[in-house]
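Here is how the chains run, residue by residue.
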Amino acid sequence: MIEIDRITKIYNGVPAVDAVTMTVESGTITVIVGTSGSGKTTLLRMINRLEEPTSGEVRINGESTLEIKPHLLRRRIGYAIQGHGLFPHHNVARNIGAVPTLLNWPKDKIRARVDELLTLFSMEPAEFRDRFPAELSGGQQQRVGVARALASRPDLLLMDEPFGALDPIIRARAQDDLRRIQRALGSTIVLVSHDMEEAIRLGDRVAVMDGGQLVQHGTPADIIANPATPFVADMVGDMERPLRLLSLVPLAEVVEDGGAPGAALPADGSLRDALSACLWTGRTAVPVEREGALIGRVTLETIRARAGLRA
Amino acid sequence: MAGARHGVSHPGVLFAVLGLAALLVPFMTLAANRIVAAEGVMAWSVAPAALTIPGLVALVLGLGLGLPAARPRLRLLGAVLGLGGLLWLLVQGASGLLDGAGDYARVSPALGVWCLLTIFMLSMTDALVQLAPGPLARGTLLAAVLAALAVILWSGALAPLSVLQEYASRKAAFADAALRHLALAFGSLATAALIGFPVGILCHRNRRLRGAILPVLSFLQTIPSLAMFGLMIPILGWIGDSVPGAQAFGIAGIGFAPAFLALVLYSLLPVVANTVAGLAAAPPASIEAARGMGMTSGQRLLRVELPMGLPILLTGLRIVLVQNIGLAVIAGLIGGGGFGTFVFQGLNQTATDLILLGALPSVALALISAIVMDILVELTRPQAARAA
Ligand SMILES: Nc1ncnc2c1ncn2[C@@H]1O[C@H](COP(=O)(O)OP(=O)(O)O)[C@@H](O)[C@H]1O
Ligand SMILES: [Mg+2]
């Protein structure tokens, strides 16, 4: 559990982060979202003390970070940034093994961990281990950057716009990957983004920053359904609110008995997927399947109801 | 690439035209003794026709092979053939011209030889640039050239040439000068590196220090070399006279110490500036990541900044080494020793051969150092960048 307690950073008399208090539960993803200059990066960097807070403190599992030497603290916290920051003169294996090397892990343990992580990120170890960053695609570089941040099994993973440099299609894949890996490893992640869509898609909790202040902290559904300020409402974007709501509802939750024509959608798809399937093919209902077996259908009526219900 | 570009190489045409023109000026000179004016001898008259024709053919053929633009290997071969022809004619002329010319007669290479030598070396460089051999191939090539040069000199085939006659009468002095020259150039390089690397690292970490130090070093660099060596005389002379024991260490207004100090001062800017530039070469995101993962500033320096900046650091050392080999010649003026001693003696006595005895090895040393350092710089490039 990470407790951020009235943390403040003042630059030249102006607060960049203003008395932010929030708690991050272990094993969850919290996305800090806000416009540029709202203090997200500063808040994130105060967690691993790349910036020293002007006042307030951060506690990790009850222990104040101020009591740990900064470089030792950082070895316990993964850190991934936009543009990945890989070392161009080290191959993939040395890049991923950087923190374990700092922690003096034995060589074979590092090697095994590198291979394990590459496999986890769907990169064949034998093929990628010895490549240099310049020999990877943008998406692969970014995955290696995240793998490096996870290498020493940190208590906490901090990510500053990690997908900012990726094009939209690779970006969606990278987000899904992160979600899958976070679930598999049970990691605690605090991620900074300026994109509300990314926050909703990835976050168990979303923290909205505006002018250095935390203006709302809650579940994605909460943020969409009850924006605390006009600023939050703006970020969510009123026009697309029904759509955003739909993207939060898995088909499994609303599936009903009965059949429907056409190709089936997987049960872990969202109502938004079902809506676009209906509109695209002109159907009024779509079949739903789980692991190849049909389990029922979702009708356009249900979709409408869910979109209107909480909108 | 081969076959993609037909036609003639433009530098090749230039070299061929210049090379043919160079054949029309005196190739060697013959003088009855060291004092009287020498007379020029054309390339085809340095020896009987039966002996000069093979050399002349090789020269012309060498120039011709330099023409096809798409065949760099052939152009390289042409340059080697041309150099071989040049050497052949020199050897024939060296012994042939002296035959029956009297005991004090002196024979020297003339304008034609120097022009052709330059042309074939440029042509060779041009072909090599096109071939872009790897560091290993370049090292092997350099070793082969040096070995050939050593064999030629050692065989005595060129011994009748006046510059080698000067050498023969000064063997001990030459060895001493060579050692001094190397000590001046490499010693000042090592000292400058010892001082410059730490200063560069401090400057990299501290912007204000950088702002204070780099202008001072730049200023030092702008002092003309003669003035710098001249300045050393009163300064070190004063230290030698007033600091007890200083003279025991050889500190005096003239000699090795002031020359050495001047060279070190000249070396500091390239070393410090390239250290700063090298350390700044690591991408900011990599530095941020290194900090974020918990590297201490020392670990960052050793694991990220230095390895990535090494090619730039070595480039600084290369600049210094080549520069100091040249400047060390001028150190001869204040008694610093080295090849400059011969150059300035020769200038005083208007003895061209003596000047050459100092100048030729200095030029060769500078060339060799430049090539070796370039190879080192390339070897320290990150592997991926080299492969790409
Ligand atoms: N080192 C610094 N010195 C002065 N001002 C800074 C510094 N870092 C950030 N700021 C200011 O703090 C505010 C928040 O910055 P930042 O945390 O980077 O915002 P975000 O990541 O949300 O874009 C901005 O107004 C920025 O100009
Ligand atoms: Mg930011």
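Everything here concerns the structure above.
The following paragraphs examine the structure supplied in this document.

Parameters and conventions
- Residues numbered from 1 in each chain as written.
- Chains lettered and ligands numbered in written order.
- Predicted model: local features only at pLDDT ≥ 70, side-chain atom pairs only at ≥ 80, totals over all residues.
- Heavy atoms only, no water.
- Core = buried A, V, L, I, M, F, W, Y, C linked by side-chain atoms within 4.5 Å.
- Buried < 20%, exposed > 50% of the residue type's maximum accessible area, 1.4 Å probe, protein only.
- Helix = DSSP H or I, 4+ residues; strand = E, 2+ residues; numbered from the N terminus.
- Contact = heavy atoms within 4.5 Å.
- Axes fitted to C-alpha atoms, helices over the stretch in contact; angles between N-to-C directions.
- Parallel < 35°, antiparallel > 145°, perpendicular 65-115°, else oblique.
- Left-handed = near helix turned anticlockwise from the far one by under 90°.
- Nonpolar A, V, L, I, M, F, W, Y, C, P; charged D, E, K, R; others polar.
- Expected span 1.5 Å × (residues − 1).
- Near = heavy atom within 4 Å.
- Polar contact = N/O pair within 3.5 Å; in protein donor to acceptor, adjacent residues only side chain to side chain.
- Areas by Shrake-Rupley, 256 points an atom, 1.4 Å probe, with all protein chains shown as cover.
- Pairing = 2+ DSSP bridges.

**Section: the nonpolar core**
- Ranked by size, the top nonpolar core spans 46 residues in total, and within it Met228, Phe229, Leu317, Phe339 and Phe342 of chain B carry the most contacts.
- Those elements that place two or more of their residues in this core are helix H7 (171-205), helix H8 (207-222), helix H9 (225-242), helix H10 (256-279), helix H12 (297-330) and helix H14 (352-380) of chain B.
- When residues in this core are grouped by element, the largest group, ten residues, is from H10 of chain B.
- With residues near it in sequence (within four places) discarded, Phe339 of chain B still touches Phe174, Ala177, Ala178, His181, Gly358, Pro361, Ser362 and Leu365 of chain B.
- Counting residues in hydrophobic clusters, the runner-up holds 45 residues, among them Leu117, Met159, Ile181 and Val206 of chain A.

**A look at the side chain of Ser362 of chain B**
Residues and elements named next belong to chain B.
- If you trace the backbone, Ser362 turns up in helix H14.
- Overall, Ser362 belongs to the buried group, its relative accessible area being 7%.
- Ignoring sequence-local partners within four residues, the contact set of Ser362 consists of His181, Ile325, Val329 and Phe339.

**Some remarks on the packing of helix H2 (residues 49-65) of chain B against helix H3 (residues 72-98) of chain B**
All names here are of chain B.
- Axis separation between H2 and H3 bottoms out at 7 Å; the angle between their running directions is 155°. With respect to their mutual orientation, H2 and H3 come out roughly antiparallel. Crossing hand, H2 versus H3: left-handed. In contact with Leu51, Thr52, Pro54, Gly55, Leu56, Ala58, Leu59, Leu61, Gly62 and Leu65 of H2, H3 contributes Leu74, Arg75, Leu77, Gly78, Leu81, Gly82, Gly85, Leu86, Trp88, Leu89 and Gln92.
- Here the contact of H2 with H3 is built from residues that sort into 13 nonpolar, seven polar and one charged.

**Considerations on H3 of chain B**
- Over its 27 residues, H3 of chain B extends 39 Å from the first C-alpha to the last, a length consistent with the 39 Å expected when each residue adds 1.5 Å.
- Looking at the residues trailing H3 of chain B, positive phi occurs at Gly100 of chain B, about 70°.

**Some points on the site of ligand 1**
All names here are of chain A.
- Close contacts around ligand 1 come from Tyr11, Ala16, Thr35, Ser36, Gly37, Ser38, Gly39, Lys40, Thr41 and Thr42, and that covers them all.
- Tyr11 places a polar side-chain atom, nitrogen or oxygen, 3.5 Å from a nitrogen atom of ligand 1.
- A distance of 2.5 Å separates an oxygen atom of ligand 1 from a polar atom in the side chain of Thr42.
- Contact with the protein chains hides 57% of the accessible area of ligand 1, taken as 550 Å² for the molecule alone.
- Top contributing element to the shell around ligand 1 by residue count: helix H1 (residues 40-47), with three residues.

**Comments concerning the sheet that holds strand S1 (residues 28-31) of chain B**
Residue and element names in this part refer to chain B.
- Judged by pairing direction, the sheet is antiparallel, and its three strands sit side by side in the order S2-S1-S3 without closing on themselves. The two strands at the open ends of the sheet, each matched to only one other strand, are strand S2 (39-41) and strand S3 (106-109). The mean inter-strand angle of the sheet, taken between neighbouring strand axes irrespective of direction, is 30°.
- Two elements, S1 and S3, share four bridges in a ladder whose sense is antiparallel. Following the sheet pairing, Leu30 is matched in S3 by Val107.

**Observations regarding the sheet that holds strand S11 (residues 265-266) of chain A**
All names here are of chain A.
- A sheet is described by the order of its strands in space; here three strands give the open sequence S11-S12-S13, paired in mixed fashion. Of all the strands in the sheet, the pair left with one neighbour each is S11 and strand S13 (293-299).
- Across six bridges, strand S12 (residues 285-290) lies against S13 in antiparallel orientation. Bridging from a neighbouring strand, Ala285 pairs with Thr299 of S13.
- Sheet strands in contact with helix H14 (residues 271-281) are S11, S12 and S13, and its direction is about 135° off that of S12.

In short, geometric facts, not functional conclusions.
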